[in-house]
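# Structure assessment
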Amino acid sequence: MAETSIPFAEGAPSDNLQVEEVGDDVLIGDPELDEVKEEDSNFDANLAEDMPDKELNRTASDLIGFYNTDREARSEWEERYKKGLKTLDPDGGMEESEEERAVRGLSTVVHPLISEAATQFNAKAIAELYPSGGPVKAVIVGDPSEELEEQARRVREYMNYQITQEMPEYFPDLDQMLFHLPLVGQTFKKVWWDTNLERQCSQFVKAEDFVVAPESKDLNTSLRYTHVIRMPKNDYNRYVEAGWYLPTKDKGGDLDPSGDTIGDIEGVDQNADDAEDEVITLLEMHVYEVFEDEDAEVAIPYVVTIDYDNEHVVSIRRNWKEDDEKKKRRDWFVSYKFLPGLGFYGFGLYHLIGGLGKAATGSLRALLDSAAFSNMQGGFKLRGRVSGGEMQVNPGEFVDLDATVDDVNKAIMPLPFKEPSGSLFNLLGFIVDAGQRFASTADLNVGDVNPNAPVGSTVALIEQGSKAFSAIHKRLHYSQGQEFKLISSLNAENLPEQFTFSSIGGSSEVFAADFNDRIDVLPVSDPNIFSTAQRIAQAQAVLQMAQSAPDMHNMYEAYKRMYEAIRIPNIDEILMKPEEAPRMDPIDENMSVMYGKAIKAFPDQDHDSHIAVHMQFIQDPSLAGNPGAKGMLPVLIAHIAEHVALLYRVRMEAGVGVPMPPIPDFKASDYQPKDIPADLDNLISQRAAQVVQQAPQMKEIEALTAAMKQGQQQNPLQYAQQLAQLETEALKARTQAQISADQAKAQSSIQIKQAEAQQDLQIEAAKAQADLQAKITKLEADLQLEREKNASKIQMEREKNVADIQMEALKGE
């Protein structure tokens, strides 16, 4: 089989074609298209498998050189880090070691100033970032709908299940990270899909094991960064079997695995540990390179993993999404920062109050040493004048001494050690207070606050004492949000289309398509609330305002937030949700009030009867002296007011003769009338005025009738004439009102029918327009398909002609 590369004719899809002769057949292929297809089908493949060893060795040498340069650039930071670690050592960062001080009988205690600050920070942060109900919440991006709310619920429930159950390393790593963070000032989290575990992982990465390019300002814009991985050889072999790494090639050298500054500080021989435990040191470098196109002017992102001990590349993988035409680098790491530093790495307590920690340790040791020497004195004695060493003297006992002098005080002189200095003790207190004030560990004694002071003042006092921690908490909230977004993105890529998982009360389902841009995942923690005391104070302020104006607040929500603030589990078992009152007769309503149940008036009820029954119940003598009736009276009076309001509306509607707008389903406290058209408003107002004008006449008729019955009217004829005149006027008014009402009702009916006809006409027009548009779209699609077919035929004819020409050319040669 012969292979020849010849120029392709103008207008062809490629500049070069490979012509292969196989027997009597000639195969023409485009190597660039074949390469693209192979690349697409093996996008996540390990490119190092197909690269020559010479190129891999050159790549390893160059990248290791970059790594060493990056690590050398941060040598000052590492030196500060080493000194900071010593503040937790028994030596306390002092000049004398623990052994030297112990030999001299001096104190070796270390003041826990920095340790206390780190411990309290860990306790506050872990409670906010990992609550018992799960650390993830889902919010809808855009306009909410029932479908999106259900999707957000599935995402929230699954991610909380995933982090708390499927990722057992998450909490221990988060807990350890939140202790390292205040000490070092910078930590990292790595989120990735693990091939061996077949699930997502979130791993805590120490700052000492993460080296960035010296000019980096943040991870997103960093030119290059390296994760130093120490992996047992057995785990490495499992990754090799899974095809993730290449087998390592042992050079037999004795190289420093580097990166483990703690090992250097503690004097541990890391090489000996690696040899004993068979630990392999890998450099996972996220870089920009031109592996697949060496002539390219713009480098693209790759992840290159190097066996540092043997300087051998074990993996090269593309580091962008397969469908990303711009080939933007994917980030697998999240940076957690305590306080901003002067460079890429942040500052921690080591850098900021490490000196105060040393001073506190020195002052504490001086006080303890002074107390020890003042209580257990030593001194000088003349040699040969007094025999014996230490002696035990019991109370009331005299011990014999062998001395050659008549006065033992002349042979023994104790040193004049002073008792612990009060000034030194005050200095220690000042140093500790200064350190605690900076680290925000000074506790607020809430008992010293005036209990009658407004809650807002207490909240302001808490915030004033925790400004530094509030800013740090906002950084943690942001970083954890970035971590959750990485987990959500990996869920969309790796989860099955439909996945069933166990949850409280049964099983739930989630779909890979749920993790899209319509739902955003955020931490449950509130960036504006950083402590339980602040949360309780805010909830208490809301509850007080709700109690002062209950008609303007939702009391159930106010109490619920208070219970949530004090972290009471199973709130629904304690706090009853407001129930929607069912439709009942007045007797059952009275019974419901006695049992503390909710009652409600409905528009179509017989309001006169309900009011009469409720009034009789209130006036019942058996309830007058009952203390339990005091709690029922306000409820019944409010309920009667509802009936009175609805009765007034029914009577006015009957008198007006025009249907009133329907009443929505509402609570009496939530009543909010809806807007009505202007013409309907005017019509109802006019009819209501006529009804009101008729009211005095009807009352006068009733008064005259009552007077006639009681014999108070002296002239029956005059009374009959007046009664007839009033009745005639009232009849005319009612007749005219009825005629107007009938006319208004007919006019309203005509308007309704006209609106319905207009709506039907618009619907028919829209349907016709949609049908026409569908036909046009279909015609355009058919035309486009026909054009593509013709173009394909023309292209095939052209390629055939070109192939014939090339064959003729080959035969001529």
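Look up a bit, the structure's there.
Note that the structure is a prediction, hence the values are computed from the model and not measured. The residue numbers shown here count from 1 along each chain, following its written sequence. Per-residue local features are limited, in this predicted model, to residues with pLDDT of at least 70; the limit for side-chain atom pairs, both in listing and counting, is 80 or more; totals at the level of whole chains, interfaces and linings are taken over all residues. Note that the side-chain values use all heavy atoms of the structure and ignore hydrogens as well as water.

### Concerning the overall build of the protein
- Here a strand is any run of E in DSSP of at least two residues, a helix any run of H or I of at least four, and the numbering for each starts at the N terminus. Regarding its fold elements, the protein presents 22 helices and 17 strands.
- Note on classification: 1.4 Å probe, protein chains only; a residue is buried when its accessible area is under 20% of the maximum for its type, exposed when over 50%, partly exposed between these limits. Counting only residues that meet the buried cut, the protein has 34% of its 813 residues in that class.
- Contacts spanning at least 24 positions in sequence make up 67% of the contacts within the protein whose residues lie at least 6 apart.
- Note on areas: Shrake-Rupley with a 1.4 Å probe; residue coverage comes only from the protein chains shown. For the protein, the accessible surface area stands at approximately 49500 Å², while carbon and sulfur atoms represent 53% of it. In this analysis, two residues are considered to be in contact whenever any of their non-hydrogen atoms come within 4.5 Å of each other.

### Some remarks on the nonpolar core
- Nonpolar cores were defined as sets of buried Ala, Val, Leu, Ile, Met, Phe, Trp, Tyr and Cys residues, with membership established by side-chain atoms within 4.5 Å. Formed by 62 residues in total, the largest nonpolar core has its most connected members in F121, L178 and L476.
- In contact with F121, not counting residues within four places along its chain, are L178, L181, P182, F338, F469, I472 and L476.

### Considering the layout of surface pockets
- In this model, the largest pocket occupies a volume close to 1800 Å³.
- Think of a 1 Å grid over just the protein atoms. A cavity is a set of points where a 1.4 Å probe fits yet cannot get out, a pocket is an open set with protein on both sides within 12 Å along at least five of seven lines, and lining residues have an atom within 4 Å of a point. In this structure, the largest pocket is lined by 40 residues; those nearest its centre are P131, G133, G134, V524 and E564.
- For the lining of the largest pocket, the secondary structure elements donating two or more residues are strand 4 (136-140), helix 6 (146-166), strand 15 (498-503), strand 17 (519-523), helix 15 (532-548) and helix 16 (555-565).
- Of all the elements, helix 6 adds the most residues to the lining of the largest pocket, at six residues.
- Taken together, the residues of the lining of the largest pocket break down into 16 nonpolar, 13 polar and 11 charged. Grid points are joined across faces, edges and corners, and a volume is the space filled by probe spheres set on the points. When residue character is reported, Ala, Val, Leu, Ile, Met, Phe, Trp, Tyr, Cys and Pro are called nonpolar, Asp, Glu, Lys and Arg charged, and the others, Gly included, polar.

### Re the side chain of H286
- In this structure, H286 sits in strand 9 (residues 279-289).
- Polar contacts, as counted here, are pairs of nitrogen or oxygen atoms within 3.5 Å of one another; within protein the pair requires one atom able to donate a hydrogen and one able to accept it, and residues that are adjacent in sequence qualify only if both atoms are side-chain atoms. Side chain to side chain, H286 and E284 meet in a polar contact 3.1 Å long.
- Excluding residues that lie within four positions of it along the chain, H286 makes contacts with L223, R224, Y225, Y302, V303, N319, R329, W332 and F333.

### Considerations on the sheet that holds strand 9
- Strand order in the open sheet formed by five strands is 7-8-9-10-11, with antiparallel pairing between adjacent strands. Because the sheet does not close on itself, it has two edges, and the strands there are strand 7 (210-212) and strand 11 (312-318). Each adjacent strand pair in this sheet contributes to an overall mean axis angle of 20°, direction not counted.
- For two strands to be treated as a pair, DSSP must find at least two bridges joining them. Across eight bridges, the pairing between strand 8 (residues 225-232) and strand 9 is antiparallel. Bridged to R230 within strand 9 is T281.
- With axes taken as lines fitted to C-alpha atoms, and helix axes fitted only over the stretch in contact, angles between N-to-C directions fall between 0 and 180 degrees. The sheet contacts of helix 2 (residues 53-73) involve strand 7, strand 8, strand 9, strand 10 (300-307) and strand 11, and relative to strand 9 the element is tilted by about 90°.
- Here helix 8 (residues 233-241) sits on the sheet and contacts strand 8, strand 9 and strand 11; the angle it forms with strand 8, its principal contact strand, is near 110°.

### Observations concerning the pattern of salt bridges
- In what follows, salt bridge is the name for a side-chain nitrogen of Lys or Arg lying within 4 Å of a carboxyl oxygen of Asp or Glu. Within this structure, the stated rule accounts for 17 salt bridges.
- For D520, the salt bridge goes to K485, with nearest N and O atoms at 3.3 Å. Residue D520 is found in strand 17, and its partner K485 is found in helix 14 (residues 467-494); the two are separated by 35 residues along the sequence.

### Overview of the packing of helix 5 (residues 113-129) against helix 12 (residues 422-439)
- Where helix 5 meets helix 12, the axes come as close as 10 Å, and the angle between the chain directions of the two elements is 25°. Considering their axes alone, helix 5 and helix 12 lie roughly parallel with respect to each other. In this structure, the crossing between helix 5 and helix 12 has a hand that is right-handed. Residues L113, E116 and A117 of helix 5 form the contact with helix 12, whose participating residues are V432, G435, Q436 and A439. Here the angle decides the label: under 35 degrees means roughly parallel, over 145 means roughly antiparallel, 65 to 115 means roughly perpendicular, and every other value means oblique. Definitions for this section: a left-handed crossing has its near helix turned counterclockwise from the far helix by less than a right angle. A right-handed crossing has that turn clockwise.

### Digging into the packing of aromatic side chains
- To pair, rings of Phe, Tyr and Trp, with the six-membered ring standing in for Trp, must have centres within 6.5 Å; the planes then decide the type, stacked if under 30 degrees apart, edge-to-face if over 60, and tilted in the middle. With the rule as written, the count across this model stands at 21 aromatic pairs.
- Here F43 and W320 contribute two aromatic rings whose centre-to-centre distance is 5.6 Å and whose plane-to-plane angle is 80°, an arrangement assigned as edge-to-face. Of this pair, F43 sits in the loop between helix 1 (31-41) and helix 2 while W320 sits in the loop between strand 11 and strand 12 (333-337), and the two are 277 residues apart along the sequence.
- What makes F43 buried here is its relative accessible area of 8%.
- Seen from their ring centres, F291 and Y302 are 5.1 Å apart, and the 75° between their planes marks the pair as edge-to-face. Remark: Y302 occurs in strand 10 and F291 occurs in the loop between strand 9 and strand 10; sequence separation between them is 11 residues.
- Note on F291: relative accessible area 11%, which makes it buried.
- Classification of Y302 by relative accessible area gives buried; the value is 0%.

### Some details on the sheet that holds strand 12
- Taken in spatial order, the three strands make up an open sheet running 6-5-12, and their pairing is antiparallel. The sheet terminates laterally at strand 6 (199-206) and strand 12, the two strands that pair on one side only. In this sheet, adjacent strand axes meet at a mean angle of 20° when their direction is disregarded.
- Looking at chain direction, strand 5 (residues 186-194) and strand 6 are connected through eight bridges and run antiparallel. From the neighbouring strand, T187 faces strand 6, where its bridge partner is K206.

### Some details on helix 17 (residues 586-594)
- Among the residues of helix 17, P586, E589, N590, S592 and V593 are the ones counted as buried. Along helix 17, the residues classed as buried sweep out an arc of 160° about the axis, all on the same side.
- Where helix 17 ends, the next residue or the one after it, G596, has phi of about 80°, a positive value. Directions from the helix axis toward the C-beta atoms define the arc.

### Considering a negative patch on the surface
- Here, patches come from residues exposed beyond 30% relative accessible area and free of salt bridges, joined within 9 Å for like charges and within 5 Å for nonpolar side chains (Val, Leu, Ile, Met, Phe, Trp, Tyr). Charge assignment in this entry is limited to Lys and Arg as positive and Asp and Glu as negative, and neither His nor the chain termini are counted. Lys charges are placed at NZ, Arg charges at CZ, Asp charges at CG and Glu charges at CD. On the surface, D44, E322, D323 and E325 cluster together to form a negatively charged patch.
- Among the secondary structure elements, E322 is positioned in the loop between strand 11 and strand 12.

### Looking at unusual backbone geometry
- Residue E198 is not a glycine yet carries a positive backbone phi of 55°.
- Tracing the backbone shows E198 in the loop between strand 5 and strand 6.
- Although it is not a glycine, K327 adopts a positive phi angle of roughly 55°.
- Within the secondary structure, K327 is located in the loop between strand 11 and strand 12.

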